[in-house]
Amino acid sequence: MPSYLADQVNVESIEQHKYDIIIVGAGGAGLRAAIAASEGEQQTVAVVTKSLLGKAHTVMAEGGVAASLANVDSDDSWDTHFYDTMKSGHFINDYRVAEVFAKEVPDRVLELETWGAVFDRTPAGKIMQRPFGAHSFRRLAHIGDRTGKELIRTLQYKAIHQAVDVYQEVTSTALLVDGQGQIAGVFGYYREDGRFVLFRAKAVVLATGGWGKAYKVTSNSWESTGDGAAMAFRVGAELMDMEMVQFHPTGMVWPPGVRGLLVTEGVRGEGGLLYNSQHERFMLRYDPVLQELSSRDVVARSIYKENQAGRGTPHGGAWLDISYKPAEYVKAKLPGMYEQFRTLADVDITREPFEVAPTTHYTMGGLRVQADTCATNVPGLFAAGEVACGLHGANRLGGNSLGDILVFGRRAGMGAREYAAQAEWKQIDPATLEREAARVLAPLTREEGEQPYRLQVELQETMTTYAGMVRSQESLQTGLARLQELEERAARMAVKGGTRAYNPGWHTVFDVQSMLLLGMVIIRGALARQESRGAHWRLDFPEELPEVGAVNFVQRLSGDQIVIEPTPVPKMPAELARLFEHDRAPGVRRRAERNGEGRADR
Amino acid sequence: MSEEIIILSVFRGDADGGQEQEYRVPLETGMVVLDALHYVQTEYAPDLAVRWNCKAAHCGSCSAEINGMPKLLCKTRLDDYVGQVIHVRPMHAFPLIKDLVTDVSWNYRVAKQIPAFQPSTPAPFVMYQRDVDRIQEFHQCIECFLCQDTCHVLREHEGQERYFGPRMMAKIAEWDMHPMDTKDRTAFLKDVAGIPMCNVTRCCVEVCPEHIVITDNAIIPLKERVADVYWDPIQALFRRFRRPAKTPVPTEPSSAEG
Ligand SMILES: Cc1cc2nc3c(=O)[nH]c(=O)nc-3n(C[C@H](O)[C@H](O)[C@H](O)COP(=O)(O)OP(=O)(O)OC[C@H]3O[C@@H](n4cnc5c(N)ncnc54)[C@H](O)[C@@H]3O)c2cc1C
Ligand code: SF4
Ligand code: SF4
Ligand code: FES
C-alpha cells in the first residue's frame, strides 16, 4: 500500500466529531428530522449528505404532496386518505404507519406554509389541491410541477436557521455498532479530498432515500443507490417488502439520453390522455372508472400490454396528450414539463402528443420501522423516508412520498431525540475502524481490476431485464445468478490512476456495492412472493393470493447468509377495518349520502 | 445512430493548476454535455470530477462554463455546437476543488445570515394567486449559482465580502415580498448583504436557467425599499416602482413587475 494511503488507516489520525444525533441524508426526510431533533432540549445535531445541501433527490419531485386539507373537496378527511393508501398498497402496508401518516400530514403541509413555502392557491386564497391517480379526492398541494423543490428549499432554510451542523459532500460508507450491536457512530469520507471522518453518535437517523438507480431506465437522481439500506442491513437491520419496486407509467423515451426521466402524473392530473398507436384511449378498457388516473401499477402494466399486443409507439411506449388544453394553462400548471420537453426533446407539449413509457421510480420496501418512533431493530438506529417501509405496501400513491418524508422525518427526529436523551456513548472498536478504512481504500490500491462504471451498467441492465416490471421464477433466477457473478467481479473493482480527491470513479465503487446487495435482496423477495400484487407482477403467478398477501417478507443477515422470513401483516383494529366494509371510500360515501345517493365520482 | 464524433475539451486540474484536455465522444441524438462527460468518465477518465444529481435541470448541481458561458451541463445540448470544439471549464467565481467542481460553500454561509421569513400568524394563510405570483417566480430558483458566477461584483477580488449576489437577492425578495412577512430587512440589505454594490448590468438574468428576472423583479424593488429608508442618489434612479417599504395587506396586484 502506498504510504499516502497507509497513514490514513492509522485510526488515531482520523478526524472525529461527537454529536448526540447524526442524520444521514438531507432530502426531505433528513431535513425534517434535523429540524425536529434540534428542537427542545439541547442536543447536538448534524446532517451528513453526499451531495450539496438542497440538491437531494427530493428536489426532483413534481406533482405534489397529498394531504386531506379538504380545500377543494370538502368531503375529504384522514380516513379517506387512509383508505386510499391501504387499498392502493393492496393491504400489505403497516396500517399503523398509514394511520399516523393520514392523520398528521395536513399539519405538516401547513407547517411548511408557516415556514415560507408558497403553494398554488384556490380562488378562495387557500392551498390549491390537484387530482392524482387513485386518490378519491383532489388532494395534492403543489407549486406548478416543482413541488419537491419547494419542500426541500423550505426545509433547508429552516434547518440552517436552526442549531444544525451540515456536512455537505461527505459520503458515509458504514454504520458503526458496539459489541452489543447498538449504534455507536457513522464512518465516511469528505468527497473534496477523500479524508476520513468519524461521527460518534448516540442515535443515528437514516434518511438516505431509495435505490431506483439499481435499474437502467429510471427517473431517479444520482444519489438513489440505497447506501443507507445497505449499510443498515450489514449491521443487522431488517429489510421488508423489498420486492416492491414502483414503475411509474410515464417516463420520457426519446431521445436516448433522457430515457426514464419522469413525466409527472400531474400531466394526467391536469387532464392528459393516453393513446396507443391506433389512437385509442386504451385506459378506458383497463380501468373504465379511474381511466388515466388509475393507480400507477395498473397504468404501467396497461402500457406494457399495449406494446405486447403490437399497439405501442415507435420507441415502445404510449402517446400522452395534453395539447387539447389551452397552451397558457399547460405552461402555468406544468412549466417544468413544458421546458423539459422543449429543451431536451424538441417537443412542444402544448401543441403535440409525446411518447411515454414506464420507468423505475420508487422503492416501497426498505428498513422495517416502528410507526410511532421510526426505530429499526438496531438499537439507536432510526429510519424515515424512502429508505424506510410500511406506508406504501405494494404500490405507492402519487404524492404520498412527500407526505411520508414530512410526517416520518419529524417522528424519526423526535424518536432519536428521546432515545439519545437517555443513551450512553458507545465504544467503537479501533480494529473495526481500521478494517473499514482499509476496505474503502482498497479500490485505489489495486493496479488492475474491474471498472466500476461498467459494472454499474451491467448491474442496472440485469435488474431491468430480470427483476423489472415483469417477473417470473425463471427471469428472477437468471437475474440472481448474474448478480452473483457480478458480485465476484465487484470484489476486484479498481480505480486506476486516481487519487482520493473528488473522485467519482471511487465513489461509484460504493454505489455498486450497495446496489448489488439490495439487488439480491429484491430478487430474493420477488422469488418468495409467489403471487402478483401491486407493483410486483409475476407472469407465472398472475393472481393476488390471499395467503401470500397475509405476509410481508422480512430479510436480514445471519452471518454471511441472507435469511428471509414471511411475517404476518399487522392486523387492523376493528375501528379501522370497519372503513373497508363498503367498497367505496368513507368520504365518497359521505358525499353520496348527503347528495341522496347520487353519482359519487370525481 | 450516427458515427459523428465531437471534441470535448475539458479542464483537468486543481487549485495548483491544470489545463484543458481533449476527448473524442461519439454523438447521439439529443445528447447533452453531461452525457458526453459521463462517456469520458467511463471510457477515459474515471476520476474526472463533475457534480450532478438529477440530469433534469432540477437540482442545480452541474453548473460550469461552456465555451465561456455559465450553463447547466445537463441542459446544454451538443447539437448547439455543431462544428465547434466544446470547451468545458469550472465556474470562475468560486475556488476550484478539482476539474469541473468548485467550492460553492460561500453561498451557503451567506444564505445562513439572511433573516428568515417571519409571518404575522401561523398558517393557514389566506393569500390569493395574484398576491403570490410574483414571489413564486423566485421559488423557481434551483440554486445553481450561475448568476453568482456571472456577477462581476462577485468575480472581482474580495467582492464576495461586500455583496451576497443575485441569488441571495432573489431569496431575500422571496421572503421580503411574502404577503405575510413582518421582518424588516432594509438595514441588512444595505449594510450586510451589500445591495448597493449591484449596478444592474443584468448579466445575471441572461444566464439564469429558470428565467428569473432577478434584477427587475427582485433587486430593483429591494433597492427601492432600501432607498425609501436611506436616501441614496444612485438608487433614486431605480425608483420606477414606488411602493411602501413593506406591503401590509395581501391585496396589491402584482403585475407592475411583469
Ligand atoms: C422525478 C420524481 C418525481 C417525484 N414526484 C413526487 C411527487 O410529486 N410526490 C411525491 O410524493 N413523491 C414524488 N417522488 C418521490 C419522492 O420525491 C421521493 O421518494 C422522496 O423525495 C424521497 O425523499 P427522502 O428524504 O427519503 O430521500 P432523498 O431525497 O432521496 O435524499 C436522500 C439523502 O441521503 C443522502 N445520502 C444517500 N446516501 C448517502 C451516503 N452514503 N452518505 C451520505 N449521504 C447519503 C443524499 O445525499 C440525500 O441527501 C418523485 C420522485 C422522482 C424521482
Ligand atoms: S445586475 Fe447586479 S447582481 Fe446582476 S450581474 Fe449585474 S451587478 Fe451582479
Ligand atoms: S437565480 Fe437563477 S441563476 Fe441564480 S441560482 Fe437561482 S436558478 Fe441559478
Ligand atoms: S444535474 Fe441537476 S441541474 Fe444538472
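Describing the overall build of chain A
Helix and strand counts for chain A come out as 19 helices and 19 strands. Structurally, chain A occupies a C-alpha span of about 75 × 55 × 50 Å along its principal axes. When each of the 602 residues of chain A is scored for burial, the buried share is 68%. Carbon and sulfur atoms make up 49% of the accessible area of chain A, which totals about 20100 Å². Here chain A holds 67 positive side-chain charges and 76 negative ones, and the gap between their average locations is 3 Å.

Looking at the sheet that holds strand β13 (residues 318–321) of chain A
Picture the strands of a sheet paired through backbone hydrogen bonds; they go either parallel or antiparallel. Residues and elements named next belong to chain A. Read from one edge to the other, the open sheet built from four strands follows the order β11-β14-β13-β12, with strand pairing classed as antiparallel. Looking at strand neighbours, the two that pair on one side only are β11 (245–252) and β12 (273–275), the edges of this open sheet. Direction aside, neighbouring strands of the sheet carry axes that sit 45° apart on average. Sheet topology note: the β12/β13 ladder contains three bridges and is antiparallel. Paired with Tyr-275 across the strands is Trp-319, a residue of β13. Docked against the sheet, helix α9 (residues 296–308) engages β11, β12, β13 and β14 (354–363), running at close to 60° with respect to β11.

Section: the pairing of β11 of chain A
Residues and elements named next belong to chain A. Within β11, eight of the eight residues are buried, which leaves the element mostly enclosed by the surrounding structure. In the sheet, β11 pairs with β14 via six bridges, with the strands oriented antiparallel. From the neighbouring strand, Met-252 faces β14, where its bridge partner is Val-356.

Details of the site of ligand 1
Residues and elements named next belong to chain A. Taken together, 39 residues are adjacent to ligand 1, and Thr-58, Glu-223, Glu-386, Ser-401 and Leu-402 come closest. Arg-396 places a polar side-chain atom, nitrogen or oxygen, 3.2 Å from a nitrogen atom of ligand 1. For ligand 1, an oxygen atom lies 2.7 Å from a polar atom in the backbone of Leu-402. Here ligand 1 has 1000 Å² of accessible area as a free molecule, and 99% of this is covered by the chains. With four residues, the top contributor of residues to the shell around ligand 1 is helix α12 (residues 400–422). The class makeup of the residues in the shell around ligand 1 is 13 nonpolar, 20 polar and six charged.

Let's talk about the packing of helix α2 (residues 28–37) of chain A against α12 of chain A
Residue and element names in this part refer to chain A. Where α2 meets α12, the axes come as close as 7 Å, and the angle between the chain directions of the two elements is 40°. Overall, the two elements α2 and α12 adopt an arrangement that is oblique. The element α2 and its partner α12 pack so that their crossing is right-handed. On α12, the residues that touch Gly-28, Ala-29, Arg-32, Ala-33, Ala-36 and Ala-37 of α2 are Ile-405, Leu-406, Gly-409, Arg-410, Gly-413, Met-414 and Arg-417. Grouping the amino acids of the contact of α2 with α12 by side-chain chemistry returns seven nonpolar, three polar and three charged.

Here's the deal with unusual backbone geometry
Of note, the bond from Trp-254 of chain A into Pro-255 of chain A is cis; its omega dihedral lies within 30 degrees of zero at 0°. As for its position among the elements, Pro-255 of chain A is in the loop between β11 and α7 (266–269). Each neighbour pair has its own omega, and for Ala-123 of chain B with Pro-124 of chain B the value is 5°, a cis peptide bond. When you line up the elements, Pro-124 of chain B lands in the loop between α2 (105–113) and α3 (129–139). The phi torsion at Val-200 of chain B lies on the positive side, around 50°, for a residue other than glycine. As for its placement among the helices and strands, Val-200 of chain B is situated in the loop between α7 (186–192) and α8 (203–207). With relative accessibility at 10%, the residue Val-200 of chain B sits in the buried group.

Description of the packing of aromatic side chains
In total, this model carries 21 aromatic pairs over all chains according to the counting rule given. Ring centres 5.5 Å apart and planes at 90° place the aromatic pair Tyr-304 of chain A and Trp-537 of chain A in the edge-to-face group. Of the two residues, Tyr-304 of chain A sits in helix α9 while Trp-537 of chain A sits in the loop between α16 (504–528) and α17 (546–549), which places them 233 residues apart along the sequence. What links up through ring pairs into an aromatic cluster is the set Trp-78, Phe-82, Tyr-83, Phe-91 and Phe-580 of chain A. The ring of Trp-222 of chain A has Lys-50 of chain A sitting right over it, with the charged end atom 5.1 Å from the ring centre. Lying across the ring of Tyr-157 of chain A, Lys-171 of chain B places its NZ or CZ 3.9 Å from the centre.

Notes on the domain arrangement of chain A
All names here are of chain A. Domain boundaries assigned for chain A yield domain 1 (13–245 + 362–422), domain 2 (249–360) and domain 3 (430–545). Just the C-alpha atoms count here: the centres of domain 2 and domain 3 sit 31 Å apart. Taken together, the six residues of domain 2 in the interface contact five residues of domain 3. Interface of domain 2 and domain 3: buried area, both sides summed, is about 500 Å²; carbon and sulfur atoms make up 76% of it. Together, Asp-297, Arg-301 and Tyr-304 form the three largest contributors to the area buried by domain 2 at its contact with domain 3, with a combined 77%. Scanning the region where domain 2 abuts domain 3 turns up zero salt bridges. Looking at the side of domain 2 that touches domain 3, the element that brings in the most residues is α9, giving five residues.

Focus: the confidence of the model for chain B
Residues and elements named next belong to chain B. Residue-level pLDDT values for chain B average 90, and 88% of them are 70 or greater. The low-confidence segment residues 240–245 (pLDDT under 50) makes 18 contacts with residues lying over four places distant or belonging to another chain. Segment residues 247–258 is flagged for pLDDT under 50; beyond a separation of four residues in sequence, or across chains, it makes 21 contacts in the model. Scoring the predicted complex yields pTM 0.94 and, for the interface, ipTM 0.93.

What counts and how
Residues numbered from 1 in each chain as written. Chains lettered and ligands numbered in written order. Predicted model: local features only at pLDDT ≥ 70, side-chain atom pairs only at ≥ 80, totals over all residues. Heavy atoms only, no water. Helix = DSSP H or I, 4+ residues; strand = E, 2+ residues; numbered from the N terminus. Buried < 20%, exposed > 50% of the residue type's maximum accessible area, 1.4 Å probe, protein only. Areas by Shrake-Rupley, 256 points an atom, 1.4 Å probe, with all protein chains shown as cover. Lys, Arg positive; Asp, Glu negative; His and termini not counted. Charge placed at Lys NZ, Arg CZ, Asp CG, Glu CD. Pairing = 2+ DSSP bridges. Axes fitted to C-alpha atoms, helices over the stretch in contact; angles between N-to-C directions. Contact = heavy atoms within 4.5 Å. Near = heavy atom within 4 Å. Polar contact = N/O pair within 3.5 Å; in protein donor to acceptor, adjacent residues only side chain to side chain. Nonpolar A, V, L, I, M, F, W, Y, C, P; charged D, E, K, R; others polar. Parallel < 35°, antiparallel > 145°, perpendicular 65-115°, else oblique. Left-handed = near helix turned anticlockwise from the far one by under 90°. Phe/Tyr/Trp six-rings, centres within 6.5 Å; stacked < 30°, edge-to-face > 60°. Lys NZ or Arg CZ within 6 Å of the ring centre and 35° of its normal. Domains from an automatic or database assignment. Buried area = accessible area lost by both parts, 1.4 Å probe. Salt bridge = Lys/Arg side-chain N within 4 Å of Asp/Glu carboxyl O. pLDDT = per-residue confidence, 0-100.

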